Amino acid sequence: MTLDLLIAGGMVVTPDGRRRQNVGVADGRIAVIGTDRPAARREVDASGLLVLPGGVDTHVHLMDPGSTEREDFPTGTAAAAVAGVTTIVEHSHGAPVRTVADLRDKQSYLTGRSNVDFGLAAHAWPGAAGDVAGLWRAGVAFFKVFTCTTHGIPGHDAAALRAHLNATALADAVSLVHCEDESLTADAERLLRGSGRTDPGLLPDWRDRDAEVVAAAVTALLVRRVGARAVVAHVSHPEVADYLARERAGGARLGAEGCPQYFLLREDEVHEHGALRKFTPPARARTDSDEALMWRLLRSGTLSHMSSDHAPSTLEQKAAGDIWNVHFGLPGLDTTLPVLLDAAARGHLSHEDVARVYAETPARTYGLYPRKGRIGVGADADLVLVDPGGRRTLANENMLSKAGWTPYHGRAVTGLVVRTYLRGVLIAEEGEPIDAREGRFLSGGGA
Ligand SMILES: [Zn+2]
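**A look at helix α1 (residues 73-83)**
Here is step 1: Counting buried positions over the eleven residues of α1 gives ten, a clear majority of the element.
Here is step 2: Residues Phe73, Pro74, Gly76, Thr77, Ala78, Ala79, Ala80, Ala81, Val82 and Ala83 constitute the buried set of α1.
Here is step 3: Two residues or fewer past α1, Gly84 is found with a positive phi of approximately 90°.

Have a look at this one:
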């Protein structure tokens, strides 16, 4: 067998450790790994670089179809490629997948529109638990569930949530649950609107810690009692993570998703930045020690993995309307792996942890492993070459998302993504995407 590609002399990093090895690729898959240096049609010198598994970002909204004035698949997946992400799982609230026909339509619409491989999630709908089994067998990666009505998607109360989780337990399907208690957020909204407030500082009062922890607790308890599998989305503070860990210790099959904004952004930034910090749950960290605790929870596995929750709007869109009406959400695909690499450079994580939390664990959770999220013989050759000591400053003008800005503008980070390969094909080099549109649909664990 002649190899198509040999990535030679790099430090191969997996969750288990690192070794200087050569990685050989044939037909889009990893064919050999070791210290031998077999012949290949192309050879890339990776000495001095880390070879990491391609990022697997399982909470991404590319708004396509739905709200393409905010983002689309070509732009969003160009951002992914440059940032070292080779697999995403996408769902958009503007055009939710609720039936098998919706899934097939979206799959065919996206043919030739993606630069990275992609799974698609369905939206759970109160009263539609009967649709779960069919969607799961058809290949959705997970079911997105809201506990509060948000982004136009109706919330599940405890009865609807239990019915949904029962259906997923029967099918062995997995859910990603947005946890904020509807009665608490609705009551806070009434009070805040009644007092006439329109200042951005209302956000943490509207979407407070109690609302999140109450919904997470109900979700975790039902997941355990029903025997379902679920992930609590965007855990914003340690109390939620600790509660989920207790339920996990009691047998709940429960993941806890982290996102960079709950580590790096501070609760009080909303006063200065207004709508550019409108996302929910909002930022909770107040101090550097709050941030350090979140990294410790990630390192220990209490937080199971990382996602961007990429939900972009442009600066113009974020400026249109008052704080109540403007879109929730932040862009994040451009920056998630860079800020994780930087956290490794700052000693909060190891690069092995980065391979675990942003590749292996999300791939396992959503049925994409062992093909994705792994550097091993037989896996797809989704590889990222990283200069661990390279430095850059994150800046709005370098973002490839249609959003065109980042909440991390001006932040200096250490750790540069030098090259990204999708199934052995170079899809980004030194900050430039190669718009190959080679991305393929990936079925989830039920297909
Ligand atoms: Zn989201």
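**Points about the sheet that holds strand β8 (residues 117-120)**
Here is step 1: In space, the three strands of this open sheet follow the order β6-β7-β8, with parallel pairing throughout. Edge positions in the sheet fall to β6 (55-60) and β8, since each of these pairs with one other strand and no more. Geometrically, the sheet is characterised by an average inter-axis angle of 20° between neighbouring strands, direction not taken into account.
Here is step 2: Two elements, strand β7 (residues 85-90) and β8, share four bridges in a ladder whose sense is parallel. Across the sheet, the residue bridging to Thr87 is Asp117, located in β8.
Here is step 3: Contacting β6 and β7, helix α14 (residues 351-365) crosses the sheet at an angle of about 65° to β6.

**Re the environment of Met399**
Here is step 1: Within the fold, Met399 resides in the loop between β15 (383-393) and β16 (412-422).
Here is step 2: The class of Met399 is buried, set by a relative accessible area of 8%.
Here is step 3: Note: C-alpha distance between Met399 and Gly329 (70 residues apart in sequence) is 16 Å.

**A short note on helix α13 (residues 336-345)**
Here is step 1: For α13, a buried count of nine out of ten residues is recorded, marking the element as mostly surrounded by other parts of the structure.
Here is step 2: All buried positions along α13 are accounted for by Thr336, Leu337, Pro338, Val339, Leu340, Leu341, Asp342, Ala343 and Ala344.
Here is step 3: Residue Gly347 follows α13 closely and has a positive phi angle near 90°.

**Quick word on the packing of aromatic side chains**
Here is step 1: Under the definition given, this model contains seven aromatic pairs.
Here is step 2: Considering the side-chain rings of Phe118 and Phe441, the 6.1 Å spacing of their centres and the 65° angle between planes classify their relative orientation as edge-to-face. Here the residue Phe118 occupies a position in strand β8, and Phe441 occupies one in the segment after β18 (432-433), the gap between them amounting to 323 residues.
Here is step 3: Residues Trp206 and Phe328 carry aromatic rings whose centres are separated by 5.7 Å and whose planes lie at 40° to one another, so their mutual orientation is tilted. Here Phe328 lies in the loop between α12 (315-319) and α13 and Trp206 lies in helix α6 (residues 203-206), a separation of 122 residues in the sequence.
Here is step 4: Residue classification places Trp206 among the buried residues on the basis of a relative accessible area of 5%.
Here is step 5: Every member of this aromatic cluster is reached through a ring pair, and the members are Phe73, Phe118 and Phe441.

**Some words on the sheet that holds strand β11 (residues 174-178)**
Here is step 1: Ordered by their spatial adjacency, six strands build an open sheet running β9-β10-β11-β12-β13-β14, and the pairing between neighbours is parallel. Looking along the sheet, the strands with just one partner apiece sit at the ends: β9 (122-123) and β14 (305-306).
Here is step 2: In terms of strand pairing, strand β13 (residues 253-258) meets β14 through two bridges, oriented parallel. Counted as the bridge partner of Gly258 is Met306 from β14.

**Quick notes on the packing of helix α8 (residues 238-249) against helix α11 (residues 288-300)**
Here is step 1: Between α8 and α11, the least distance of the axes is 10 Å, while the angle of their chain directions is 25°. Looking at the two axes, α8 sits roughly parallel to α11. In this structure, α8 crosses over α11, and the sense of that crossing is left-handed. Residues Pro238, Ala241 and Asp242 of α8 form the contact with α11, whose own contacting residues are Leu293, Met294 and Leu297.
Here is step 2: Residue classes in the contact of α8 with α11 are distributed as five nonpolar, no polar and one charged.

**What to know about the domain arrangement of the protein chain**
Here is step 1: Per the domain assignment, the segments of the protein chain are domain 1 (3-50 + 379-399 + 410-433) and domain 2 (54-365).
Here is step 2: Placing the centre of domain 1 and that of domain 2 at their C-alpha centroids yields a distance of 28 Å.
Here is step 3: Facing 30 residues of domain 1, the contacting portion of domain 2 comprises 27 residues.
Here is step 4: Of the roughly 2,200 Å² buried at the junction of domain 1 and domain 2 (both faces included), carbon and sulfur atoms supply 63%.
Here is step 5: Inspection of the domain 1/domain 2 interface yields two salt bridges.
Here is step 6: Across the pair Glu352 and Arg18 runs a salt bridge whose closest N-O atoms are separated by 2.8 Å.
Here is step 7: Inspection of the domain 1/domain 2 interface yields five residue pairs in polar contact (both at pLDDT 80 or more).
Here is step 8: When grouped by side-chain class, the residues that make up the side of domain 1 that touches domain 2 number 17 nonpolar, six polar and seven charged.

**Some remarks on the side chain of Arg419**
Here is step 1: In this structure, Arg419 sits in strand β16.
Here is step 2: A distance of 2.5 Å separates the side chain of Arg419 from the side chain of Tyr421, its partner in a polar contact.
Here is step 3: Ignoring sequence-local partners within four residues, the contact set of Arg419 consists of Val44, Leu383, Val384, Leu385, Leu426, Ala428 and Glu429.

**Side note on a nonpolar patch on the surface**
Here is step 1: A contiguous nonpolar patch, built from Leu184, Val214 and Val218 and spanning about 190 Å² of accessible area, is present on the exposed surface.
Here is step 2: With respect to the secondary-structure elements, Val214 resides in helix α7 (residues 209-226).
Here is step 3: The class for Val214 is partly exposed, based on a relative accessible area of 35%.

Basis of the calculations
- Residues numbered from 1 in each chain as written.
- Predicted model: local features only at pLDDT ≥ 70, side-chain atom pairs only at ≥ 80, totals over all residues.
- Heavy atoms only, no water.
- Buried < 20%, exposed > 50% of the residue type's maximum accessible area, 1.4 Å probe, protein only.
- Helix = DSSP H or I, 4+ residues; strand = E, 2+ residues; numbered from the N terminus.
- Pairing = 2+ DSSP bridges.
- Axes fitted to C-alpha atoms, helices over the stretch in contact; angles between N-to-C directions.
- Contact = heavy atoms within 4.5 Å.
- Phe/Tyr/Trp six-rings, centres within 6.5 Å; stacked < 30°, edge-to-face > 60°.
- Parallel < 35°, antiparallel > 145°, perpendicular 65-115°, else oblique.
- Left-handed = near helix turned anticlockwise from the far one by under 90°.
- Nonpolar A, V, L, I, M, F, W, Y, C, P; charged D, E, K, R; others polar.
- Domains from an automatic or database assignment.
- Buried area = accessible area lost by both parts, 1.4 Å probe.
- Salt bridge = Lys/Arg side-chain N within 4 Å of Asp/Glu carboxyl O.
- Polar contact = N/O pair within 3.5 Å; in protein donor to acceptor, adjacent residues only side chain to side chain.
- Patch = residues over 30% accessible without salt bridge, like charges linked within 9 Å, V, L, I, M, F, W, Y side chains within 5 Å.
- Areas by Shrake-Rupley, 256 points an atom, 1.4 Å probe, with all protein chains shown as cover.

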